[in-house]
Amino acid sequence: MKKVFRIGYAVTSLVYIGLVIYVTFFARRRKGPHDYRALANWSMFDDWTTYAKIHEMTKAERFSFLENFWGNILMFIPLPFVIYFVLGRQFSLIKTILMIFITSVLIEILQYVFNKGVSDAGDVLLNFIGGIIGILLFIVHTRQYHLCCVKRIILMTREDHFYRSRSYSKFFGMGTV
């Protein structure tokens with residue numbers, strides 16, 4: 001059963017990595033050839049002041065902003081789970097945070113170098129926020145898993161104790177154990 005889960009995690013991780021590569025480098029969201037380098041934004045909050053006026057945007061501009069905003073956050077939420085699968089026992093919080101940041105910066109640099117997509121410093125921040133949310137979900141998931149395992153062990157111990165007790169043995173006519 002463990003082998004099935006490992007294969008499932010491996011396939012899911014590869015699909016996730018493939019989707020991230022496709023979305024960040026190959027998905028065409030703008031029509032026609034573009035020089036994306038000219039659109040690069042390396043100052044963190046330059047265009048965020050205009051986005052603060054979201055109520056003044058057209059419907060298309062608002063959709064584009066929200067797609068970019070939530071897309072960058074949601075794209076990095078699964079990353080801590082993939083990092084855990086790859087690192088295994090060497091998994092640590094510091095390594096994960098560092099890998100999330102490096103991955104985000106690397107994506108933006110590669111978008112600029114290969115002229116595939118718009119490099120934006122704000123995307124690094126949004127990706128990092130998504131990674132932190134993923135870390136928090138991972139912590140909740142592992143705590144719930146371990147809590148469930150502990151509860152299962154306690155219940156098994158109680159059942160075992162009950163089955164070995166005299167009252168159970170007498171009730172079912174087995175005598176004392």
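Each remark here, short or long, concerns the structure printed above.
None of the values given here were measured: they were computed from a predicted structure.

*Asks:* An account of the nonpolar core is needed here, citing residue identities and associated values.
*Replies:* Grouped together as the largest cluster of nonpolar side chains are 11 residues: Y16, V20, F25, M75, F76, L79, V82, I83, I100, I107 and I135. Setting aside residues up to four positions removed in sequence, F76 forms contacts with Y16, I100, T103, S104, I107, N127, G130 and G131.

*Asks:* Describe in detail the packing of aromatic side chains, supporting the description with residues and values.
*Replies:* Per the stated rule, a full pass over the model turns up 5 aromatic pairs. Ring centres 5.0 Å apart and planes at 90 degrees place the aromatic pair F69 and W70 in the edge-to-face group. What makes F69 partly exposed here is its relative accessible area of 22%. Taking the relative accessible area as the measure of exposure, W70 reaches 46% and is therefore partly exposed. Here the aromatic rings of Y84 and F138 are separated by 5.0 Å at their centres, their planes lie at 50 degrees, and the arrangement is tilted. Placement of the pair is Y84 in helix α4 (residues 79–87) and F138 in helix α6 (residues 121–164), with a sequence separation of 54 residues. Aromatic ring contacts, followed pair by pair, group F81, Y84 and F138 into a single cluster.

*Asks:* Quick one: what's the story with the side chain of S104, residue by residue and with numbers?
*Replies:* Residue position: S104 is located in helix α5 (residues 93–113). Given a relative accessible area of 1%, S104 falls into the buried group. Contact partners of S104, with chain neighbours within four places excluded, come to F76, D123, V124 and N127.

What counts, and where the lines are drawn
- Residue numbers run consecutively from 1 along every chain, following the written order of its sequence.
- With the structure being a predicted model, the display of local features is reserved for residues of pLDDT at least 70 and the display and counting of side-chain atom pairs for 80 or more, all residues being used for whole-chain, interface and lining totals.
- Excluding hydrogens and water, the side-chain figures rest on all heavy atoms present in the structure.
- The nonpolar core is taken to be a set of buried Ala, Val, Leu, Ile, Met, Phe, Trp, Tyr and Cys residues, with the residues joined through side-chain atoms within 4.5 Å.
- Classification of residues uses two cut-offs on accessible area relative to the type maximum, computed with a 1.4 Å probe and protein chains only: under 20% is buried, over 50% is exposed, and between them is partly exposed.
- A contact between two residues is defined here by any heavy atoms of the two lying within 4.5 Å.
- Aromatic pairing here means that ring centres of Phe, Tyr or Trp (its six-membered ring) are within 6.5 Å. Orientation follows from the plane angle: under 30 degrees is stacked, over 60 is edge-to-face, and everything else is tilted.
- Secondary structure elements follow DSSP: runs of H or I of four or more residues count as helices, runs of E of two or more count as strands, with numbering from the N terminus.

Keep in mind that these numbers describe shape and distance, not what the molecule does.
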